[in-house]
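Structure at a glance
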Amino acid sequence: MKISKVYVSDKEGFSSKLKRSIDNLGIKGIESVREFSVFWLAQASIKDLNVLSAKLLHSSFTQEVFINTIPKSLTKGALKVEVVSDLGVIDPREASFKKAARDLGVKKEIKVRFGRLYSITGRLNANDLALIKRRLLIKNAIEHEVTKSERIFVKTPKYKFKLTTVPISKANEQELLKISESGRLSLNISEMKEIQNYFKGLGRGPTDIELETIAQTWSEHCSHKTLKGNFLHNGTLINNLLKTAIIEPSLALRKPYVVSAFEDNAGGVKIGNRVICVKVETHNHPSALEPVGGAETGTGGVIRDIIGFGKGAKPVSSIVCFCVGPQDLSYDKLPQGVLHPKAILSGIVEGTKSYGNQMGIPTDFFQDSLLVHKNYVGNPLVYCGAVGETDLDSAKKLEPRKGDLVVLLGGFTGRDGVHGANFSSESLKGKSETTSLGAVQIGDAIMEKKTQDAILEIKDKRLSPWITDCGGGGLSSAIGETGKNIGVLVNLDKVPKKYEGLSYSEIWISESQERMIVVCSEDNKGEILEICRKFDVPATVIGEFTGKSSLELYYGRKKVADIGMKFLHDGCPVVSGRTFWKEKKRNRKKASAVNFGEAIKKLLSDPDLTSKALIAHQYDSTVQGGTIIGPFTDEEELTHEDVTIRKLSEGQNLGFALTITANPNLTSTNPRYMSHWIITHSLAKLAVSGADFTKSALLDNFSWGSPKEVKVMGELVESLLGCKDAVEGFKVPFISGKDSLNNQFKGDKGEVTIPGTLLITALAPMLNIKKVVDQGFQNKDDAVLLLGELQKDMGGSCFGRLYNLQGEIPKINFEKTRALLVQLSFAIRKGLIESGVAIGKGGLALALAKACVSSGLAAEINLDSLNKKFDLKNHEILFSESAGAVVVTVKRKLLPLVKEMFLNDYLEIGIVAENRLKIRNSSKTILDETVESLSKVYKEVFSNYYEA
C-alpha cells in the first residue's frame with residue numbers, strides 16, 4: 001500500500017501559544033516550537049496529492065505545505081515529536097475529508113489518518129520532555145507517539161467475548177474493598193455489603209458490568225447521596241438534607257411560572273408562551289488533569305442537558321465560571337502532579353470557548369466568571385452552564401411505554417470517559433494525572449451541533465416523548481434512568497463504536513460525548529432515522545422498554561446483566577453522620593488611616609474585581625442576535641455588566657435576565673450568612689436591571705471538600721440551611737442544582753481543600769426589553785440615590801481582607817429587602833430609574849466606580865446623610881458589602897415620585913458629574929479620582945494576571 005505524507009505549517013512558523021504553555025509548566029530553556037499538521041494518505045496518486053494539498057489541506061494565504069519531506073532548514077537542530085491517533089480512533093475530520101475529496105474530483109477512496117509533528121529547539125532534559133508530551137502534545141486517551149517501525153494503516157484487533165463474574169458472595173470486608181478499589185468503583189464498605197447481600201439473594205455473583213452499573217448509579221456524581229443523607233447537625237436531626245433545605249421549601253411556594261423543577265436535565269420556567277430552561281454543571285476533576293478536554297466536554301455535556309430537556313430545547317446561551325489558583329504562583333510552591341494555575345486557566349478557556357463558539361451559542365462571561373484563591377491550586381473548579389428555550393408542549397417528558405424503542409444517536413462510543421462518574425466522586429491525588437486520564441472525555445462540537453439540529457426537528461414533529469443525554473455514566477446512566485419505572489433491554493453489540501476491541505462493559509459505561517437517547521414508538525422509528533440521515537447524524541436502535549422493571553443487557557445472544565430497577569435506584573444505603581458548626585466571635589478591628597483613593601484602586605485591581613475582558617472576548621457573546629444587554633458595557637466593551645438580558649424568539653418585547661454570583665471568601669466567616677449574601681446579591685442584580693423580581697428562579701452549585709471531614713460537612717450543612725432561609729424569606733424557588741464534593745488535593749506538600757464554594761445562578765423574566773437599566777450613569781446632573789440599608793459589618797469583605805479587618809457578614813432582613821426589590825422592579829418598568837447597580841463586592845465605592853467606568857461620567861457624593869442615618873464611619877459606608885442595597889440615578893424632576901415609592905429606603909447622596917469621582921464628608925474631600933485613572937486600573941491591570 002502506497003502511503004504519502006502531507007505536512008502543513010503556519011507561514012509565521014513558530015507557535016507562541018504552545019511555547020507559552022510550556023513556560024506555564026515551569027520548563028525553561030525552550031527557544032522555539034513549531035507545529036505541523038500531518039496527513040497520512042494511502043492510495044493517493046501524485047495528481048491527487050497535488051490537488052488535495054493545494055485545495056483542501058492548507059490555506060495558501062496563511063500556511064505552507066510540504067509533500068513527504070520537510071526542508072531541513074525548518075527543523076535543523078530540533079527535537080521532533082510525531083503524534084498520531086490510536087488504532088481505530090474515528091476522527092470526525094475523516095468523513096469531511098473523504099467528502100471534500102470526492103467533491104474535488106478524486107475518484108479513488110483514499111484512506112486518511114491525522115497527526116501532528118512538533119519541532120522543539122532549546123535545552124530540554126528527559127523528564128521535561130516527558131512532561132511536555134504528557135501534558136501538551138499527546139492526548140493519552142486517544143493518541144500516541146509514532147514509532148519508526150509503526151504501520152499507520154492496519155486493521156484494529158477485534159474484541160473476543162468473555163463474560164466475567166466477580167466472586168463477592170464469600171468475600172470479607174477487606175476483600176470487598178479491594179474489589180472496589182481495583183475496579184475503580186468508588187464504593188464504600190456498606191455499599192459493597194449491600195451489593196453482596198443482593199446477589200446472595202439471587203443465588204449468584206454479579207457480572208463485572210453489573211458492578212460497574214451499580215457503582216456509577218450510586219456514585220456521588222450521579223446520585224448526590226451525601227446531600228440526600230441524614231445528618232445530626234448541632235444536635236438537630238435533618239432527614240434528607242437536600243430535600244429539607246432546597247427541594248421542599250422551593251416546591252412549597254407553588255410558583256405557577258415554574259414548569260419543571262428537580263425532575264429533568266434542567267429546571268424550567270414559563271415566560272409568555274415559552275419555557276426557559278437552565279442547568280449548570282461542574283467538571284472539576286477532569287479539568288484539573290486535562291484542562292482543554294475536561295472543560296470542553298463540561299460545556300458540551302451541559303449543552304446536551306439543555307438539548308435533552310423535556311422533549312427537546314434549543315440552547316440560546318452558555319455560562320462559564322472558573323475558580324483557579326493565583327496566576328503569579330511561584331513554580332517551586334506548586335505541588336507535584338499539579339498544573340500551574342496559568343496552564344489550568346489557559347486550558348479551560350480554550351476548552352469552553354471551542355464548544356459555544358463552534359455551535360453558535362453566545363457565552364456569558366461575568367465579573368464572577370473568574371475567581372482566584374490559593375486553595376484552588378490543586379483542585380480548580382470549572383462550572384459550565386447553558387440556557388435553552390422551548391415551547392410549552394415540549395417542556396415535559398412522557399414516560400416510555402412497553403414496546404417503545406431506545407434509539408442512540410450522535411457520536412460513536414470509545415474508551416474516553418470510562419469511569420468518569422466514579423472518578424469525579426473521588427478526591428484528586430498527586431498520581432491522578434497518570435492513573436485517571438482515561439476518565440477525561442473527548443469532544444466534537446460539530447457533531448453536537450448536527451445532533452442538536454436533528455433533535456430539534458424530532459421535537460418539532462412530536463416524534464419522541466422522552467429525550468435525554470448521555471452524561472456522567474454514559475449509556476448506563478441515561479438508559480438506566482430513562483427505564484427506571486418500566487424496565488429496559490439493551491443490545492450492547494449494536495452500539496456504534498469508534499474502534500474495535502471495546503468490551504461490553506466499556507461500551508456501557510463509556511462517557512464518549514455527543515450522544516443522545518431518544519425514546520420512540522415503532523411507528524415513528526423510520527422518520528427519526530430519516531431525520532438523522534438528513535443531518536448526517538449516526539442513529540441506531542439499540543434496545544426496547546420491556547415492562548419487566550429490570551435492566552437487562554445483552555452482548556449478542558449472551559445476557560451480561562439483569563438487575564432489578566428498584567435495587568439499582570433505591571438500594572444504596574442512606575448516608576448518615578454527625579456535623580457541627582459553631583460561629584466564632586470576631587472582634588472588629590479599627591481601620592487605621594485609609595487613603596480612600598489608594599484603597600479603591602487596590603480593589604479595582606484585585607483579581608476577583610478587575611476586568612477579565614482579555615479572556616471574556618475570546619467568547620462570542622452576541623451570536624444568534626438576541627443579546628440586549630451584556631455581558632459588557634462601555635464603548636470599549638471592557639467593563640462587566642452584572643446581568644445579561646436576551647430576548648425570546650417569540651413575543652415582541654419579552655426576554656430574560658441572567659446573572660451568577662459566588663463569594664467563597666465569606667464561607668469561613670459564616671457559611672449560612674454567605675448563602676444569604678450570595679442569593680440576596682443575585683436577586684438585587686436582577687431587580688436593578690429591570691427584571692421582574694417576583695418571578696425569579698435560582699440554581700445552586702455546591703462545591704466543597706471531603707464530606708468525611710466533620711468541619712467541612714458542617715459548613716456545607718449551614719450553607720444549605722442558609723439557602724432554605726433565603727427561599728422562605730424572599731419567596732423565590734430553586735429549580736435545579738448540582739453538588740460536587742471531595743474537592744481537595746492530596747499531594748507531596750500535604751492536603752489542600754478548596755474554600756466551600758456556592759455558585760448561584762439567578763434568572764427572571766424581562767417583561768419589556770425596551771425598559772432595561774444598565775449600570776453606567778446616563779445623564780449629567782441626575783440625582784444619585786442609595787436605596788436600602790448600609791451596615792458596618794466588614795467580615796469577609798474585599799476591603800477587610802485588604803486591611804486585615806475582621807467582623808461579621810452583613811445580615812439580611814429578607815422581608816425589607818424583598819419589599820425593596822419588588823418596588824425597584826416596578827419603578828424601572830414605570831421608567832423612573834435611569835441607571836442602577838447593586839452593591840456587592842467592594843461595597844458602595846466599587847459600585848460608584850463601576851458606574852463611572854461604564855459610562856465615562858462621574859459623580860459628586862456627600863457622605864453626611866449616610867453618616868447620620870446609619871451611624872457609620874467613612875470606610876464602613878464606602879466598603880461594607882451590604883448586599884440588597886442598590887445605587888440608582890434618577891432625573892431630578894422625578895425625585896418626588898421615587899421618594900414617595902421608597903420612603904425610608906430612599907436617600908439622596910449626590911449628583912452625576914463629569915470627569916472626577918469626588919466623595920466628601922463634612923466639607924472635606926476624602927476621595928478625588930478621575931474616571932480615566934479608575935478606568936486605567938480596572939481595565940488594564942488584569943493583563944498582568946491572566947494570559948490565556
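Just above sits the structure.
First things first, this report covers the structure right here in the doc. In this text, all values refer to a predicted model and were calculated from it rather than measured experimentally.

Broken down by element type, the protein carries 31 helices and 41 strands. The C-alpha radius of gyration computed for the protein amounts to 29 Å, which stays within 12% of the reference 30 Å derived for 948 residues, consistent with globular compactness. When the 948 residues of the protein are sorted by exposure, 62% land in the buried category. If you take every contact in the protein between residues at least 6 apart in sequence, the share linking residues at least 24 apart comes to 84%. Of the roughly 36,500 Å² of accessible surface on the protein, a fraction of 48% belongs to carbon and sulfur atoms. Within the protein, the 111 negative side-chain charges are centred at a point lying 2 Å from the centre of the 127 positive side-chain charges.

This paragraph deals with the environment of D444. Tracing the chain through its elements places D444 in the loop between α15 (432-435) and α16 (445-460). In this structure the C-alpha to C-alpha distance between D444 and V407, which are 37 residues apart in sequence, comes to 20 Å.

Another point: the pattern of salt bridges. By the definition in use, this model includes 49 salt bridges. Between E191 and K225 there is a salt bridge, with its nearest N and O atoms 2.7 Å apart. Taken together, the residues span a long stretch of sequence, with E191 in helix α7 (residues 189-202) and K225 in the loop between α9 (220-223) and β7 (230-233) at a distance of 34 residues. K225 shares its class with E191; the two are buried. The salt bridge involving D642 is made with K850; its shortest N-O contact spans 3.9 Å. A residue pair is termed long-range when its members are at least 10 positions apart, and D642 in the loop between β27 (639-640) and β28 (644-647) and K850 in helix α27 (residues 843-855) qualify at 208 residues.

On to the sheet that holds strand β36 (residues 835-838), then. Here we have seven strands laid out as an open sheet, ordered β36-β38-β35-β39-β37-β40-β41, and mixed in their pairing. The outermost strands of the open sheet, each flanked by one partner alone, are β36 and β41 (924-930). Strand after strand, the sheet turns through a mean of 20° between neighbouring axes, direction not considered. Sheet contacts for helix α31 (residues 931-940): β37 (857-862), β40 (916-921) and β41; angle to β41, the most-contacted strand, approximately 60°.

What follows deals with the packing of helix α23 (residues 671-689) against helix α24 (residues 710-730). Running from N to C, α23 and α24 cross one another at 40°; their axes reach a closest spacing of 7 Å. With respect to α24, the axis of α23 lies oblique. Classified by chirality, the crossing of α24 by α23 is right-handed. Taken together, the residues of α24 that come into contact with α23 (itself represented by P671, R672, M674, S675, H676, I679, T680 and L683) are E715, E718, S719, L721, G722, C723, D725, A726 and F730. Classifying every residue of the contact of α23 with α24 by side-chain character gives eight nonpolar, five polar and four charged.

Below, the discussion takes up the side chain of T297. Position of T297 relative to the elements: it lies in helix α12 (residues 291-307). A distance of 3.3 Å separates a polar atom in the side chain of T297 from the backbone oxygen of G294.

This part covers helix α26 (residues 814-829). Turn by turn, an α-helix covers 3.6 residues, leaving residues three or four places apart pointing in a common direction. In a regular helix each residue adds 1.5 Å, so 16 residues correspond to 22 Å; α26 covers 23 Å between its end C-alpha atoms and thus fits that length. Inspection of α26 places F814, T817, L820, L821, L824, S825, A827 and I828 among the buried residues, and these make up the whole buried set. Buried residues of α26 fall within an arc of 160° about the axis and therefore sit on the same side. Where the residues of α26 are buried, they touch α23, α24, β35 (783-787), β38 (886-890) and α30 (895-902).

So, on to the nonpolar core. The biggest cluster of nonpolar side chains holds 70 residues, and the ones touching the most others in it are I679, L683, F730, L824, V888 and F902. Here the element with the most residues in this core is α24; it accounts for 10 residues. The next biggest cluster of nonpolar side chains, apart from the first, holds 67 residues, and it includes F322, V382, L463 and I467.

The rules behind each value
- In this convention, every chain numbers its residues from 1, walking through the sequence in written order.
- In keeping with the model being predicted, local features are shown solely for residues with a pLDDT of at least 70 and side-chain atom pairs are shown and tallied solely at 80 or more, while totals for entire chains, interfaces and linings include all residues.
- Hydrogen atoms and water are omitted, and side-chain values are computed over all heavy atoms in the structure.
- Per the convention used, a helix needs a DSSP run of H or I reaching at least four residues, while a strand needs a run of E reaching at least two, with both numbered from the N terminus.
- Between the two quantities, the radius of gyration covers C-alpha atoms and the globule rule is 2.2 Å times the number of residues to the power 0.38.
- With a 1.4 Å probe rolled over the protein chains alone, any residue whose accessible area is under 20% of its type maximum counts as buried; one over 50% counts as exposed, and the rest are partly exposed.
- Contacts are assigned to residue pairs with any non-hydrogen atoms lying within 4.5 Å of each other.
- Here the open area of atoms and residues is found with the Shrake-Rupley method and a 1.4 Å probe, where only the protein chains shown may cover a residue.
- Residues scored as positive are Lys and Arg, those scored as negative are Asp and Glu, and His as well as the terminal groups of each chain are ignored.
- By convention, the charge on Lys lies at NZ, on Arg at CZ, on Asp at CG and on Glu at CD.
- Basic side-chain nitrogens of Lys or Arg form a salt bridge, by our definition, when they fall within 4 Å of a carboxyl oxygen of Asp or Glu.
- Pairing between strands is defined by DSSP: at least two bridges between them are needed.
- Only C-alpha atoms enter the line fits that serve as axes; for helices the fit covers just the stretch in contact. Angles between N-to-C directions range over 0 to 180 degrees.
- Small angles under 35 degrees read as roughly parallel and large ones over 145 as roughly antiparallel, with 65 to 115 read as roughly perpendicular and the rest as oblique.
- Each crossing gets its handedness from the near helix: less than a right angle anticlockwise from the far helix is left-handed, clockwise is right-handed.
- Classification convention: Asp, Glu, Lys, Arg as charged; Ala, Val, Leu, Ile, Met, Phe, Trp, Tyr, Cys, Pro as nonpolar; all other residues, Gly among them, as polar.
- Polar contact is the term for a pair of N or O atoms within 3.5 Å; when the atoms are in protein, one must be able to donate a hydrogen and the other to accept it, and sequence-neighboring residues count only if both atoms are side-chain atoms.
- Each helix should span, by expectation, one fewer than its residue count multiplied by 1.5 Å.
- For this quantity, the arc is that covered by the directions from the helix axis to the C-beta atoms.
- In these notes, a set of buried Ala, Val, Leu, Ile, Met, Phe, Trp, Tyr and Cys residues joined through side-chain atoms within 4.5 Å is what counts as a nonpolar core.

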